[in-house]
Amino acid sequence: MHRRGMTLRYPSVAAEVAKLFVERGAAMVEVPVLQPADPFLDIAGEDLRRRIFLTESETGASLCLRPEFTIPVCLDHIAAQAGTPRRYAYLGEVFRQRREGGNEFFQAGIEDLGDRDTAAADARSVADAHELLSRALPGRSLAVTLGDQAVFEAVLAALGLPRGWRMRLARAFGSHQMLDAALADLADPPRNGGLPAEVAALAADSDMEGLSAHIARGMEEAGLPATVGRTPADIARRLIEKAQLRSVRLSEEAFSALKAFLAIDAPLAGAAAALETFAAKAGLALGSALETFDARAAAIAGHGLAGENIRYDAAFGRPLDYYTGLVFEIAAEDGGRLPERPLAGGGRYDRLLTLLGARTPIPGVGFSVWLDRVEALKETGR
């Protein structure tokens, strides 16, 4: 069931979606329901990986039912060798396991590729998502929550964290559980994680060759071919990285600064000032990340979205690994409270197209609207 099915199921929402796409100059694109699984498994993040419906082609290639639209739209753009800037719109079913409300549901959204004015493109994405929901839910009060992956990573770099820790914390951004666990390990690193003594010693010495050989022997003795799953070298590299992480203990001053940053939660109009105050007190230089944040806030205000209902939460992220800057969600307020399930979400993904095979870097930002949630709110008010 594609756009026609969606039109029959959600006629009023579909009409508003189609109208907005035309007004915003976003060309409707169709992408296959069956997609190559590897890009999602490698790039999308643990939360989505666990919920993908996997299958195989006749030749044994890994396929999956489309779990979201951003990666397929970007793959199609690369395959078409299309020029930029270009705006793509989509409307169709996606499939995820263990989802409240059903494993099959409709999403609509816009992917904005190639616009070099990051602040303007970010603001346009937030404004378009907000406008779509405002039309579909007239009279409802909408609240926008913003986060920023780039600001978070700039804080980690300014605190002098080694690359391994920066990568782990960046991957955890968007999951409170993963971030809390990472911060707990950073405050009190575990010893050897229960590894056998010989493995722990090789990892602690960063002996890549010796550890790879040891793992290869163990796999051979267990009858596991080295061509299945991760290679001995991949496993050794990850164990050495974990050992290096365990050797780092953040100073009390730096840890307090990180916690203070993650506690920032302010209306967007005052968020840049809050970040500047934090950076000054902590003695950190956030550089271009803060400049981009300030420019984006001004651009969002230019769309008339700078009121109390749009906030910046420094600890807010979204559980997709490809985000590089802005992340946001929009929910409907209910008597001043926000429901647990957002109606729309999106963000910036400037590295994604290169990871998917683009020859040159292509910046991107986009959003998705969960249409079943919008329709349920229209029908029941909840």
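Every value quoted in this text rests on a predicted model; they were computed, and no experiment measured them.

Caption draft 1: Geometry of the pairing of strand β9 (residues 310-313). Summarising the sheet, strand β7 (residues 142-148) and β9 pair through three bridges and their orientation is parallel. Bridged to threonine 145 within β9 is arginine 311. In terms of strand pairing, strand β8 (residues 265-267) meets β9 through three bridges, oriented antiparallel. In the sheet register, alanine 266 faces β9, and the bridge partner there is tyrosine 312.

Caption draft 2: Region of interest: the sheet that holds strand β4 (residues 62-65). Overall, antiparallel pairing links the three strands, which are arranged β2-β4-β3 in an open sheet. This sheet does not close on itself; its edge strands, each paired only once, are β2 (34-36) and β3 (54-56). Sheet twist, expressed as the average angle between the axes of neighbouring strands with direction ignored, equals 45 degrees.

Caption draft 3: Structural detail: the packing of aromatic side chains. Applying the stated criterion to the full structure yields seven aromatic pairs. A ring pair is formed by phenylalanine 152 and phenylalanine 173, whose centres lie 4.5 Å apart and whose planes are at 15 degrees; its orientation type is stacked. A residue pair is termed long-range when its members are at least 10 positions apart, and phenylalanine 152 in helix α7 (residues 149-158) and phenylalanine 173 in the loop between α8 (163-172) and α9 (176-187) qualify at 21 residues. We classify phenylalanine 152 as buried; its relative accessible area is 1%. Aromatic side chains phenylalanine 293 and tyrosine 312 sit 4.8 Å apart centroid to centroid with 75 degrees between the ring planes, which places their arrangement in the edge-to-face category. On the criterion of sequence distance, the pair formed by phenylalanine 293 in helix α15 (residues 287-302) and tyrosine 312 in strand β9 is long-range, its members being 19 residues apart. The exposure class of phenylalanine 293 is buried, given its relative accessible area of 2%. Members of the aromatic cluster, joined through ring pairs, are Phe152, Phe173, Phe261 and Phe278. One Lys or Arg, arginine 99, reaches over the ring of phenylalanine 105 and ends 3.5 Å from the middle of that ring. When the ring centre of tryptophan 370 is taken as reference, the NZ or CZ atom of arginine 373 above it lies at 5.0 Å.

Caption draft 4: Region of the structure containing the pairing of strand β10 (residues 326-332). Among the seven residues in β10, seven count as buried, and that is most of the element. Along β10, one buried face is formed by Leu326, Phe328, Ile330 and Ala332 and the opposite face, lined by Val327, Glu329 and Ala331, is buried too. Examined bridge by bridge, β7 and β10 share seven bridges and lie antiparallel to one another. The residue of β10 that forms the bridge with glycine 147 is valine 327. Across four bridges, β10 lies against strand β11 (residues 344-348) in antiparallel orientation. The residue of β11 that forms the bridge with phenylalanine 328 is glycine 346.

Caption draft 5: Representation of α9 within the structure. Its 12 residues give α9 an end-to-end C-alpha distance of 16 Å, which sits within 8% of 16 Å, the value for a rise of 1.5 Å per residue. Within the span of α9, buried status applies to Leu179, Ala182, Leu183 and Leu186. Buried residues in α9, looked at end-on, bunch into an arc of 100 degrees, giving them a common side. In α9, the exposed residues that point more than 90 degrees away from the buried face are Gln177 and Asp180. Summarising the contacts, the buried residues of α9 are in contact with α7, α8 and α13 (252-262).

Caption draft 6: Broad picture of the sheet that holds β11. Taking strand neighbours across the sheet as the criterion, the nine strands line up as β1-β5-β6-β12-β11-β10-β7-β9-β8 in an open arrangement whose pairing is mixed. Two strands lie at the open edges of the sheet, namely β1 (27-28) and β8, each paired on one side alone. As judged from the five bridges shared by β11 and strand β12 (residues 364-370), these two strands associate in the antiparallel manner. Counted as the bridge partner of alanine 344 is valine 369 from β12.

Caption draft 7: Summary view of unusual backbone geometry. Cis geometry marks the peptide bond from threonine 84 to proline 85, where omega comes out at 0 degrees. With respect to the helices, strands and loops of the structure, proline 85 is situated in the loop between α5 (70-80) and β5 (86-95). One non-glycine residue, glutamine 81, adopts positive backbone phi at about 50 degrees. On the secondary structure map, glutamine 81 appears in the loop between α5 and β5. Accessibility expressed as a relative area gives 65% for glutamine 81, which makes it exposed. Even without being glycine, arginine 98 reaches a positive phi, approximately 55 degrees. With respect to the helices and strands, arginine 98 occurs in the loop between β5 and β6 (104-113).

Definitions and limits used
- Residues numbered from 1 in each chain as written.
- Predicted model: local features only at pLDDT ≥ 70, side-chain atom pairs only at ≥ 80, totals over all residues.
- Heavy atoms only, no water.
- Pairing = 2+ DSSP bridges.
- Helix = DSSP H or I, 4+ residues; strand = E, 2+ residues; numbered from the N terminus.
- Axes fitted to C-alpha atoms, helices over the stretch in contact; angles between N-to-C directions.
- Phe/Tyr/Trp six-rings, centres within 6.5 Å; stacked < 30°, edge-to-face > 60°.
- Buried < 20%, exposed > 50% of the residue type's maximum accessible area, 1.4 Å probe, protein only.
- Lys NZ or Arg CZ within 6 Å of the ring centre and 35° of its normal.
- Expected span 1.5 Å × (residues − 1).
- Arc of directions from axis to C-beta.
- Contact = heavy atoms within 4.5 Å.

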